[in-house]
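Residue-level structure breakdown
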Amino acid sequence: MEDKEISQAVIGRLPRYFRYLGELKDAGIERISSQDLSELMKVTASQIRQDFNNFGGFGQQGYGYNVEHLYTEIGRILGLDQQHHFIIVGAGNLGRALGNYINFEKRGFIFSGIFDQDPTLVGKEIRGVKIMPMDQIEEFIRGNDIDIAVLTIPKSGAVAVAEKLVKNGIKAIWNFAHVDLNVPEGIQVESVHLSDSLMKLSYNLSNSARN
């Protein structure tokens, strides 16, 4: 398949396909048609076929999709056939909750370290990983093949910390700080604004009540 740019909308749907296919695989279902997958996921069959055609199709006319093969291929496209070592910057409530989420390892994301500037938190453990002081973060990144950093710190310090992370080899940032990060080209940033999601829910709730 020739390399081509895939839209972010398509990429955004891949994790959901992966999750549903994993559930089908665990249920012992060997194959599924685009129509049946459409009814399950509430996405049109045409959309599903268009999405999969970006990566070569995967299906066979009159047969549908082999669930395990499609699950494996989407996992490969998402990079889940590789391990990624990540650190968490910020050991507050959100940072600790993310550190305790065991499903990361099931997807190949290895929780390797967590850092905070609060001396009362340093030395405490989250699933066997000790919270370390911020002044150790640069050496730790360089010495432990860390490629992803999760930012769960206040926005006031997030920009400076992100710059330090990138300088020391971080290739991707999962950003929960309420600030947009300007990083060099080639560094991947996925920003999660929890309040934005809640406001979207509020809009839909209010709009539903008006109709």
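What comes next concerns the included structure. (Residues numbered from 1 in each chain as written. Predicted model: local features only at pLDDT ≥ 70, side-chain atom pairs only at ≥ 80, totals over all residues. Heavy atoms only, no water.)

A closer look at the sheet that holds strand 3 (residues 84-89)
Test applied: Note on pairing: two strands pair once DSSP finds at least 2 bridges between them. Note on conventions: DSSP H or I runs of at least 4 residues are helices, E runs of at least 2 residues are strands, and numbering of each starts at the N terminus. Should any heavy atoms of two residues lie within 4.5 Å, those residues are considered in contact. Orientation is described by lines fitted to C-alpha atoms, with helices fitted over the stretch in contact, and by angles between N-to-C directions that extend from 0 to 180 degrees.
Overall, mixed pairing links the seven strands, which are arranged 5-6-4-3-7-8-9 in an open sheet. Two strands close off the open sheet at either side, each with one partner strand: strand 5 (125-126) and strand 9 (188-191). Relative to strand 6 (residues 129-133), strand 5 is paired through two bridges, and the arrangement is antiparallel. When the bridges of strand 6 are listed, Ile126 appears paired with Val129. Packed onto the sheet, helix 8 (residues 155-167) meets strand 3, strand 7 (148-151) and strand 8 (172-175) and runs at close to 170° relative to strand 7.

Describing the pairing of strand 7
To keep things clear, this is the line we draw: Each residue is assigned to one of three classes by its accessible area relative to the maximum for its type, calculated with a 1.4 Å probe on protein chains only: buried under 20%, partly exposed between the two thresholds, exposed over 50%. Seen with its strands pointing away from the viewer, a crossover is right-handed when the path leading from the first strand over the helix to the second is clockwise.
Neither face of strand 7 is open: one carries Ile148 and Val150, the other Ala149 and Leu151, and all of them are buried. Sheet analysis places strand 3 next to strand 7, joined by four bridges and oriented parallel. Following the sheet pairing, Phe86 is matched in strand 7 by Ile148. A crossover connection joins strand 7 to the parallel strand 8 through helix 8; in handedness this β-α-β unit is right-handed.

A short note on the nonpolar core
Stated formally: To define a nonpolar core, start from buried Ala, Val, Leu, Ile, Met, Phe, Trp, Tyr and Cys residues and group those joined through side-chain atoms within 4.5 Å.
Ile87, Val89, Ile137, Leu151 and Leu165 are the most contacted members of the largest nonpolar core, which has 23 residues in total. In contact with Ile137, other than residues within four places in its own chain, are Ile87, Val89, Phe115, Lys164 and Leu165. Grouped together as the second largest cluster of nonpolar side chains are 21 residues, Tyr17, Leu21, Leu24 and Leu70 included.

Here we look at helix 1 (residues 8-26)
Formally: Any helix carries an expected span of 1.5 Å times its number of residues minus one.
With 19 residues, helix 1 ought to run about 27 Å at 1.5 Å a step, and its terminal C-alpha atoms sit 28 Å apart, in line with that. Among the residues making up helix 1, those that are buried are Val10, Leu14, Tyr17, Phe18, Tyr20, Leu21, Gly22 and Leu24. On its buried face, helix 1 is in contact with strand 1 (31-32), helix 2 (34-41), helix 3 (45-53) and helix 4 (67-77). With its phi angle positive at about 85°, Gly28 sits one or two positions after the end of helix 1.

Things to note about the environment of Lys167
On the secondary structure map, Lys167 appears in helix 8. Between the alpha carbons of Lys167 and Ser7 there is a distance of 29 Å; along the sequence they are 160 residues apart.

Shape descriptors only; they carry no functional weight alone.
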